[in-house]
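Each chain, letter by letter, is given below.
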Amino acid sequence: MAPTVPLALLVLVALLAPGLGVAFPSCDYPAHLWCSSWEIAVACQAESRCANLSRPAAAPVELSLFYESLCPACRWFLVQQLFTTWLLLPSEALSITLVPYGNAQERNVSGKWQFQCQHGPEECLGNMIETCLMHEAKNFSNYFPVIFCLESGSSITKNLEACLQVYAPQLDADRITACVQGDTGADLMHHNAQLTQALDPPHQYVPWILINGKHTDELQAQAQTSLLRLICRLYQGEKPDACGGSRAPKAPAGCRR
């Protein structure tokens, strides 16, 4: 009969295995290679021995905001939660997609797209301005401060030039206006309509928030209550300095369809 090994000894060996060079079942590498990559270190449960080995970069938390330019709740969330969180966190931690359309409706008349918006023609114009601004600016860091300026100001449709002068003087207001008034703007807005109509589950109100491509009532409530806290909790990389918790005022109710 083969000699039996005391259970306590097996437990001790398991606890000391990384230090003794004992490989775990998922580890097919000799001990001298355990710190050659982070993936091997994890497989061999040798992370504590590989202090000089850098961790792989974590993916940013992806937030998609489906909104409309004159919805009070949308403006509140964008100004009070989203913009401030974006300012506090590095781009490595948070990636944002903005889709201005919301509860609008579209129809094709003689080959051209026409839109009807929940808060009237001015909202359709505001949606179009912000969409064309994003199209012309390309870079999120260039256009998001301008959108913040528009949404936090007295008039979304009349303050474009003033907001550009402050936040993005390199952008051409005439090009944005040409987009708004031409076929390009209508095509871009139609694309926003398609993105909104493809939501699963379908949106019931705006702002409608997706976190890493997913919408739940719980994620929505957490995002509107304290977006910074939510992003800090979900981000898997090294926590930024701003991830110390936050408190925010209660969000207003959304604009239902």
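Predicted model only: the values in this text are computed from it and were never measured. (Residues numbered from 1 in each chain as written. Predicted model: local features only at pLDDT ≥ 70, side-chain atom pairs only at ≥ 80, totals over all residues. Heavy atoms only, no water.)

Participant: Go over the overall build of the protein chain, please, and point to the residues and values.
Facilitator: Along the backbone of the protein chain there are nine helices and seven strands. Split into buried and exposed, the 257 residues of the protein chain put 44% on the buried side. Residue pairs at least 24 apart in sequence account for 65% of intrachain contacts in the protein chain once pairs closer than 6 positions are excluded. Here the protein chain has roughly 14,300 Å² of accessible surface; of this, 54% comes from carbon and sulfur atoms. (Helix = DSSP H or I, 4+ residues; strand = E, 2+ residues; numbered from the N terminus. Buried < 20%, exposed > 50% of the residue type's maximum accessible area, 1.4 Å probe, protein only. Contact = heavy atoms within 4.5 Å. Areas by Shrake-Rupley, 256 points an atom, 1.4 Å probe, with all protein chains shown as cover.)

Participant: Outline the sheet that holds strand E1 (residues 61-67), supporting the account with residue identities and numerical values.
Facilitator: Judged by pairing direction, the sheet is mixed, and its three strands sit side by side in the order E2-E1-E6 without closing on themselves. Sheet topology places strand E2 (94-100) and strand E6 (208-211) at the edges, where each strand pairs with a single neighbour. Ignoring which end each strand starts from, the neighbouring axes of this sheet average 15° apart. In this sheet, E6 lies alongside E1 in antiparallel orientation, the contact comprising four bridges. Across the sheet, residue Leu65 finds its bridge partner in E6, namely Ile209. Against the sheet, helix H5 (residues 140-152) engages E1 and E2, with an angle of about 55° to E2. (Pairing = 2+ DSSP bridges. Axes fitted to C-alpha atoms, helices over the stretch in contact; angles between N-to-C directions.)

Participant: Talk me through the nonpolar core; I want residue IDs and the actual numbers.
Facilitator: In this structure, Leu98 and Phe144 are the most contacted members of the largest nonpolar core, which totals 62 residues. Broken down by element, the residue count for this core peaks at nine residues, all from helix H3 (residues 72-88). When residues no more than four places from it in sequence are discounted, the contact partners of Phe144 are Leu78, Leu82, Phe83, Trp86, Ile96 and Leu98. Residues Phe66, Tyr205, Trp208 and Leu210 belong to the second largest nonpolar core, which totals six residues. (Core = buried A, V, L, I, M, F, W, Y, C linked by side-chain atoms within 4.5 Å.)

Participant: Summarise the state of the cysteines; cite the residues concerned and give the values.
Facilitator: Applying the stated criterion to the full structure yields seven disulfides. The disulfide bridge from Cys71 ends at Cys255, spanning 2.5 Å between sulfur atoms. Disulfide Cys71 to Cys255: torsion about the S-S bond roughly 100°, handedness right-handed. In this pair, Cys71 sits in the loop between E1 and H3 while Cys255 sits in strand E7 (residues 255-256), placing the two residues 184 residues apart along the sequence. Residue classification places Cys255 among the buried positions, given a relative accessible area of 11%. Note on cysteine connectivity: Cys232 is disulfide-linked to Cys243, with sulfurs 2.0 Å apart. Between Cys232 and Cys243 the disulfide shows an S-S torsion of about -85°. By sign, it is left-handed. Taken together, the residues span a long stretch of sequence, with Cys232 in helix H9 (residues 217-234) and Cys243 in the loop between H9 and E7 at a distance of 11 residues. On the basis of relative accessibility, which here comes to 24%, the residue Cys243 falls in the partly exposed class. Of all cysteine sulfurs, the one in Cys71 lies closest to Cys74, which takes part in no disulfide; the gap is 3.2 Å. (Disulfide = S-S within 2.5 Å.)

Participant: So, the packing of helix H4 (residues 121-137) against helix H8 (residues 183-197): which residues are in play, and what are the values?
Facilitator: At their nearest, the axes of H4 and H8 sit 9 Å apart, and the two run at 100° to each other. By the criterion of interaxial angle, the relationship of H4 to H8 is roughly perpendicular. Contacts from Asn127, Met128, Thr131, Cys132 and His135 of H4 reach H8 at Thr184, Gly185, Ala186, Leu188, Met189 and Asn192. (Parallel < 35°, antiparallel > 145°, perpendicular 65-115°, else oblique.)

Participant: Could you give me a rundown of the pairing of E2, with the residues and numbers involved?
Facilitator: Burial within E2 is extensive, with five of its seven residues counted as buried. Two elements, E1 and E2, share seven bridges in a ladder whose sense is parallel. Looking at E2, one finds that Glu62 is bridged to Ser95. For the handedness criterion, the β-α-β arrangement of E1, H3 and E2 is classed as right-handed. (Right-handed = clockwise from strand over helix to strand, strands pointing away.)

Purely geometric stuff here, so don't read any function into it on its own.
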